[in-house]
Amino acid sequence: MSIKSLIINPGSTSTKIGVFEDETLLFEESLRHSADVIAQYASIVDQKDFRKQIILDLFAEKNFDMKSLDVIVGRGGMLKPIPGGTYEVTDALLADLKKGVQGQHASNLGGILARELADTIGVPAYIVDPVVVDELAPVARYSGVPELPRVSIFHALNQKAVAKRYAKEIGKPYSELRLIVVHMGGGVSVGAHEGGKIVDVFNALDGDGAFSPERAGAVPSGALIKMCFSGKYTEKEVYSKIVGKGGINAYLGTTDFRGVRKMAEEGDEKAAAVMEAFMYQISKDMGAMATVLKGKVDQIIVTGGIAYNDIVIDGLKERAGFIAPFTVYPGEDELLALTQGALRVMNGEEEAMKYE
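Every chain is numbered on its own, with residues counted from 1 as its sequence reads. Thresholds applied to this predicted model are a pLDDT of at least 70 for local features of residues and 80 or more for the giving and counting of side-chain atom pairs; totals over whole chains, interfaces and linings are not thresholded and use all residues. Side-chain calculation: all heavy atoms of the structure are included, whereas hydrogens and water are not.

**Digging into the sheet that holds strand S1 (residues 4–10)**
Read from one edge to the other, the open sheet built from 6 strands follows the order S3-S2-S1-S4-S6-S5, with strand pairing classed as mixed. Each edge of the open sheet is held by one strand with a lone partner, namely strand S3 (24–32) and strand S5 (86–88). Adjacent strand axes in the sheet meet at a mean angle of 25°, parallel and antiparallel pairs treated alike. Two strands are counted as paired when DSSP detects at least two bridges linking them. The helix and strand labels rest on DSSP assignments: H or I over at least four residues marks a helix, E over at least two residues marks a strand, and numbering proceeds from the N terminus. The sheet contact formed by S5 and strand S6 (residues 125–128) spans 3 bridges and is antiparallel. Lines fitted to C-alpha atoms define the axes here, with helix axes fitted over just the stretch in contact, and angles between the N-to-C directions of these axes take values from 0 to 180 degrees.

Below is the structure:
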């Protein structure tokens, strides 16, 4: 018997939804919200009724019967650090999404909307592998400053999805593989997967690792401290240099990697140098994760939007190909990944995780 699911993936100025029958997409929509409309709401959670109504309006327009759904899945948000998996949106999880215990982010609305809509038709609501998935080995948490432990915030949904996809394709359990997974999009994360867990990963938001189109990654800490206390910048301005205006954006004034490649191919030496540094830093991160896995790496998996760029893939292989063979899954199909997480529970392949 097939399972029909509604997937809700809220972004800062859009709400993406998809309706699936098993893994077959029936339809999807990206519902756009103007900055002026979003600005009317004092907090992320205040947007809930507005976003819920536009979903209901779309279903009315399409004459779609919500009662035909078996499950509703939302993008997970800024919860407490939790192991990877599919989580039922319980009262405790719902309360922490509303509070935003690790910060306010549009993805917090995913589970909130899923639960509210699911309750109206009596079906389960889930979230899958939110960005706060934390499976770090104890040794990986040491940073050198006890008050500043290393944290795990990264592209957990896509990293887990492609790792499990690879495991399924080769007919081996994910838990038996030792993988390095590289996600390259607006942010970059490089993780070491072992025993079905991501035992180490570079913080893709504002912490460490390679720079990306819009994030600085690791920067010289002493120089950063001096910048913070120079009196030239506010806290917000310094943070924007790390997240948003950092990385490739800081060097070239763009976050469009396709544009960077075009600039380099047309003879822009600075763009070519930044591309080379981008590949260089990611390769170093891959080498670091190879040491986490003690050199025993079954496969390197590369994913995300920049994985479509053959020059980058070739550059990574040139530096890190000695570690393990490469498998490339370009792009990130978050709607499908969320669907698959729910299906694994609904079909009895996995048990739903408990949020406590």
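Here the narrative resumes.
**Overview of the sheet that holds strand S9 (residues 197–201)**
Taken together, the 5 strands give an open sheet; going across it, the order is S9-S8-S7-S10-S11, and neighbouring strands pair in mixed fashion. Pairing within the sheet leaves two strands with one partner each, and these edge strands are S9 and strand S11 (326–330). Between one strand axis and the next, the sheet turns by 25° as a mean value, whatever way the strands run. Two residues qualify as a contact provided that any one of their heavy atoms is within 4.5 Å of a heavy atom in the partner residue. Along the sheet face, helix H10 (residues 269–292) touches strand S7 (178–184), strand S8 (188–194), S9, strand S10 (299–304) and S11 and points at about 20° away from the line of S8. In this fold helix H11 (residues 310–320) packs onto S7, S10 and S11, with an angle of close to 155° to the strand it touches most, S11.

**Examining the environment of leucine 56**
Within the secondary structure layout, leucine 56 lies in helix H2 (residues 48–62). Accessibility expressed as a relative area gives 27% for leucine 56, which makes it partly exposed. It is 15 Å that separates the C-alpha atoms of leucine 56 and arginine 32, two residues lying 24 residues apart in sequence. For leucine 56, the residues in contact, after removing those within four places along its chain, are Met66 and Leu117. Classification of residues uses two cut-offs on accessible area relative to the type maximum, computed with a 1.4 Å probe and protein chains only: under 20% is buried, over 50% is exposed, and between them is partly exposed.

**As for the pairing of S9**
The element S9 is largely enclosed, with a buried count of 4 among its 5 residues. Sheet topology places S8 next to S9; 4 bridges connect them, and they run antiparallel. Within the sheet, the bridge partner assigned to alanine 192 lies in S9 and is aspartate 200. In sequence, S8 turns back onto S9 through a hairpin of 2 residues, with glycine 195 there showing a positive phi of about 65°.

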